[in-house]
Each structure stands twice: as structure tokens, then as C-alpha cells.
Amino acid sequence: MKALSAYYPQIYHWFADIPKAEAEKLIIRKFEAGEVLALKGQLFQNIFIVLDGICNVINQLDNGTEILTLKLTLGDVIGVSESVLNNMRYIASVKSCTPVVVAELSQSLFRRWLDAYPCFVNFVLKNLVTRLHYTADFSANCQTSASKINLAKYLIDRYHVELASMPSDVRSSVRIQETHEMIGTFLGISSRTVERHLRSLKSDGLINTSRGKIDISPAQYQELLNLVASNL
């Protein structure tokens, strides 16, 4: 992991209009893979800006089912909805699926920056709008084809997300972090159907599997793209 001070240049790049003394009020924190950054229903405390790694936004349904609704990466903001809506508790859970580094700011600092710095307002709004359109488009796109092709679309998207967080010198293969159950819940199919389609994709040489996880090489990613394109 890079020295934590190495993340400040990125912060200064994003928020060029914010005085350095103000930017240094951010707290740089590291979470290991599998740690919870926010838990649905718990008291809302701080806002996080992702500087490195990948987080999952998870919504728990009344029946206990967990739905992975979004993956957060570099520049994504956690806690904006709660702050803007004056929620006392977190709306959804956020859990790291890789080691994650965040910049933490209190709700009072967040609100002060929104009032004082247009560059910060633009950053937050751009992040929210981008996530809104991405979530809607991705969800709709994964419901328009046969379930095997929808799964291929899902894997293509997750390949992009995981690849973006990896150092350029270790990009020989990308591991998809979600469980079969999470994938099936998102796609609206059973875990058994997910497993059957994964066996088929593996048999066709389009993915590899190891210890229950899905690995995709650059060549396999291209073949997945070809599979989807041929079934549009």
C-alpha cells in the first residue's frame, strides 16, 4: 500500500480551489478487504471519498436477502444521500471487497465545503449523477437478453470495475469478487442457474474459476464481448 501521504496530490487535484489547510482536515483511513464502512440502520456519522480499492453497496431486504446494488471505486462518495436527506441512519451498507483507502470528512465539514467551494459541489454532483445513470443503465441492460447473455454482460462490467483498481503491471487476469448468490439476486435468477451458465462459459473457454471465484483474462474478456455482440 502506498504511503497515505501519497493520496493528497489526488485530493488537491480534485479540489484545486480548496485551500491546502482545509484539505488537510480530511482524515486518510485504510480498510482491509471485508471490513464494513457503513452498516444499514446504524447511526450516520461521516462521509467517505474512495481513494483506492473497491467497495460494494449492499441493500438488505426484509427477508434477509442481500442485493449488491453498486460498486464504488476511485472518486466515489459514501454518505451523500444520508447527509443531504438529513438521515440519522445509513440507508445501505458499504463493505470493502479489496483493501480500500478513503478520505474521511465530518458532516459539518462536508456541508461547509458545499457552501463555500463550487469545485466541491461540482465533484459531488458529477459523482451522484454518474452513479445514477450507470446504475439504471446497467440494471436495465442485464435484463434484456437470455440469462446466460445477461450473465456475460454482468461479468464484462465487473471486469472493467476490477481492472480499474489493479496496478497496470499485474493485469494478467481479473478476479470477480461477487458470490454466485449475489450475482443471481442481481440478475433475477437462481444460484443454480448462475452455476450452470458459469460451467458453460468455462467449458467454452470464456472464464476460469478458482476456489469458487471467477477469473477472466484479457483474451477471455474479448471473447465475452464477442458473445454478447453476437446475441444482440
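Since the model is a prediction, treat every value here as computed from it, not as a measurement. (Residues numbered from 1 in each chain as written. Predicted model: local features only at pLDDT ≥ 70, side-chain atom pairs only at ≥ 80, totals over all residues. Heavy atoms only, no water.)

**With respect to the overall build of the protein**
Secondary structure summary: the protein contains nine helices and 11 strands in total. The C-alpha atoms of the protein give 19 Å as radius of gyration, which agrees with the globular expectation for 232 residues (17 Å, within 12%). Projecting the C-alpha coordinates of the protein onto the three principal axes gives extents of approximately 55 × 45 × 30 Å. Scored against the burial criterion, the 232 residues of the protein give a buried share of 44%. Once local pairs closer than 6 in sequence are excluded, the contacts in the protein between residues at least 24 apart make up 70%. Accessible area for the protein stands at about 11,900 Å²; split by element, carbon and sulfur atoms hold 53% of it. Computed over 24 positive and 22 negative side-chain charges, the separation of the two mean positions in the protein equals 3 Å. (Helix = DSSP H or I, 4+ residues; strand = E, 2+ residues; numbered from the N terminus. Rg over C-alpha atoms; globule rule 2.2 N^0.38 Å. Buried < 20%, exposed > 50% of the residue type's maximum accessible area, 1.4 Å probe, protein only. Contact = heavy atoms within 4.5 Å. Areas by Shrake-Rupley, 256 points an atom, 1.4 Å probe, with all protein chains shown as cover. Lys, Arg positive; Asp, Glu negative; His and termini not counted. Charge placed at Lys NZ, Arg CZ, Asp CG, Glu CD.)

**Some details on the packing of helix α6 (residues 147-164) against helix α9 (residues 218-229)**
When two helices pack together, their arrangement is given by the angle between the helix axes and by the axis-to-axis distance. Relative to each other, α6 and α9 sit at 140°, their axes nearing to 9 Å. By the angle between their axes, α6 is oblique relative to α9. When the axes of α6 and α9 are compared, the crossing they make is left-handed. Note on element contacts: α9 touches α6 through P218, Y221, L224, L225, L227 and V228, opposite I149, A152, K153, L155, I156, Y159 and H160. Of the residues contributing to the contact of α6 with α9, the split by class is 11 nonpolar, one polar and one charged. (Axes fitted to C-alpha atoms, helices over the stretch in contact; angles between N-to-C directions. Parallel < 35°, antiparallel > 145°, perpendicular 65-115°, else oblique. Left-handed = near helix turned anticlockwise from the far one by under 90°. Nonpolar A, V, L, I, M, F, W, Y, C, P; charged D, E, K, R; others polar.)

**What about the nonpolar core?**
Counting 41 residues, the largest nonpolar core has I11, F15, I49, L105, W113 and F120 as the members making the most contacts within it. Sequence-distant contacts of L105, that is, excluding residues within four places in its chain, are made with L26, N46, I47, I49, F110, W113 and F120. Judged by nonpolar contacts, the second largest core, of 26 residues, contains Y159, L163, V174 and L198. (Core = buried A, V, L, I, M, F, W, Y, C linked by side-chain atoms within 4.5 Å.)

**Structural notes on the pattern of salt bridges**
For the structure shown, the criterion picks out 10 salt bridges. For E104, the salt bridge identified is with R29, shortest N-O distance 2.7 Å. Linking E104 in strand β8 (residues 100-106) with R29 in strand β1 (residues 27-31), this pair joins segments that are 75 residues apart in sequence. Classification of R29 by relative accessible area gives partly exposed; the value is 34%. (Salt bridge = Lys/Arg side-chain N within 4 Å of Asp/Glu carboxyl O.)

**So, the sheet that holds strand β4 (residues 55-60)**
The four strands are arranged β2-β7-β4-β5 in an open sheet whose pairing can be described as antiparallel. Pairing within the sheet leaves two strands with one partner each, and these edge strands are β2 (36-38) and β5 (66-72). Each strand axis lies, on average, 30° off the axis of its neighbour in the sheet, ignoring direction. Lying on the sheet, helix α7 (residues 180-187) is in contact with β4 and β5; it crosses β5 at an angle near 95°. (Pairing = 2+ DSSP bridges.)

**A short note on the packing of aromatic side chains**
All told, the structure shown has 16 aromatic pairs when counted by the stated rule. Judged by centre distance (6.0 Å) and plane angle (55°), the ring pair of W14 and F15 falls under tilted. In this structure W14 comes out as buried when scored by relative accessible area, which is 18%. Judged by centre distance (6.0 Å) and plane angle (80°), the ring pair of F31 and F48 falls under edge-to-face. Taken together, the residues span a long stretch of sequence, with F31 in strand β1 and F48 in strand β3 (residues 46-52) at a distance of 17 residues. Across this residue pair, the class does not change: F31 and F48 are buried. What links up through ring pairs into an aromatic cluster is the set W14, F15, F110, W113, Y117, F120 and F123. (Phe/Tyr/Trp six-rings, centres within 6.5 Å; stacked < 30°, edge-to-face > 60°.)

**Describing the side chain of N56**
Mapped onto the elements of the fold, N56 is located in strand β4. Given the relative accessible area of 7%, N56 is considered buried. Only 2.7 Å separates the side chain of N56 from the side chain of K71, close enough to count as a polar contact. With residues near it in sequence (within four places) discarded, N56 still touches L68, L70, K71, S93, V94, K95 and C97. (Polar contact = N/O pair within 3.5 Å; in protein donor to acceptor, adjacent residues only side chain to side chain.)

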